[in-house]
Amino acid sequence: MSLDDPEVIAATAETGQKLPTSVLVHDILDHHLCGLALGGHRNEAIALHQLSLRTGADPQPDLLQMVDEDLMHGGVVGESMRDFLREP
């Protein structure tokens, strides 16, 4: 699903030490089955929330990393910064 998406940098079946699930399982359960695309900061934030509900993992470190590495530098994938920050 992510072969044509330059923003998706990893898909592995290995689990990490901090999280009891793999990127592949996260992509399937927290993105695909929930109707979310793999790319885009909004989709990833929603999927991280899904992941936290499913596993009990704290999404804050990943959310802070997205803010630090991308959003603070004006990089929003999938929509404009104005749309991303607009109130619902």
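Residues numbered from 1 in each chain as written. Predicted model: local features only at pLDDT ≥ 70, side-chain atom pairs only at ≥ 80, totals over all residues. Heavy atoms only, no water.

Q: A description of helix α1 (residues 23–31) should follow, citing residues and the corresponding values.
A: For α1, the full list of buried residues reads His26, Asp27, Asp30 and His31. One side of α1 carries all its buried residues, which in axial view fall inside an arc of 105°. Buried residues belonging to α1 abut α2 (41–55). (Buried < 20%, exposed > 50% of the residue type's maximum accessible area, 1.4 Å probe, protein only. Helix = DSSP H or I, 4+ residues; strand = E, 2+ residues; numbered from the N terminus. Arc of directions from axis to C-beta. Contact = heavy atoms within 4.5 Å.)

Q: Which residues make up the side chain of Asp30, and what values do they have?
A: One can find Asp30 in helix α1. Of the residues examined, Asp30 reaches a relative accessible area of 1% and is grouped as buried. Polar contacts involving the side chain of Asp30 include one to the side chain of Arg54, which spans 2.8 Å. Not counting the four nearest positions on each side in its chain, Asp30 is found in contact with Val25, Leu36, Ala47, Gln50, Leu51 and Arg54. (Polar contact = N/O pair within 3.5 Å; in protein donor to acceptor, adjacent residues only side chain to side chain.)

Q: Now, about the pattern of salt bridges: what can you tell me, with residues and values included?
A: Within the structure shown, the criterion is met by 1 salt bridge. A salt bridge links Arg54 to Asp30; its shortest N-O distance comes to 2.8 Å. Within this pair, whereas Arg54 is found in helix α2, its partner Asp30 is found in helix α1, the two being separated by 24 residues in sequence. Overall, Arg54 belongs to the partly exposed group, its relative accessible area being 34%. (Salt bridge = Lys/Arg side-chain N within 4 Å of Asp/Glu carboxyl O.)

Q: Would you mind going over a nonpolar patch on the surface in detail, with residue names and values included?
A: A cluster of nonpolar side chains, contributed by Leu24, Val25, Ile28, Leu29 and Leu33, occupies part of the molecular surface with about 390 Å² of accessible area. Tracing the chain through its elements places Val25 in helix α1. On the basis of relative accessibility, which here comes to 32%, the residue Val25 falls in the partly exposed class. (Patch = residues over 30% accessible without salt bridge, like charges linked within 9 Å, V, L, I, M, F, W, Y side chains within 5 Å. Areas by Shrake-Rupley, 256 points an atom, 1.4 Å probe, with all protein chains shown as cover.)

Q: Describe the environment of Glu44, with residues and values.
A: Structurally, Glu44 is set in helix α2. Spatially, the C-alpha atoms of Glu44 and Asp62 are 9.5 Å apart, while their sequence positions differ by 18 residues. Discounting chain neighbours no more than four positions away, the residues touching Glu44 are His26, His31, Leu38 and Met66. Here His31 takes part through its side chain, which lies 2.9 Å from a polar atom of the side chain of Glu44.

Q: Explain the packing of α2 against helix α3 (residues 60–69) residue by residue, including any values.
A: Taken N-terminus to C-terminus, the directions of α2 and α3 make an angle of 165°; their axes are 10 Å apart at the nearest point. Between α2 and α3, the crossing angle belongs to the class labelled roughly antiparallel. In the crossing of α2 with α3, the sense of the turn from one axis to the other is left-handed. Contacts from His41, Glu44, Ala45 and Leu48 of α2 reach α3 at Asp62, Leu63 and Met66. (Axes fitted to C-alpha atoms, helices over the stretch in contact; angles between N-to-C directions. Parallel < 35°, antiparallel > 145°, perpendicular 65-115°, else oblique. Left-handed = near helix turned anticlockwise from the far one by under 90°.)

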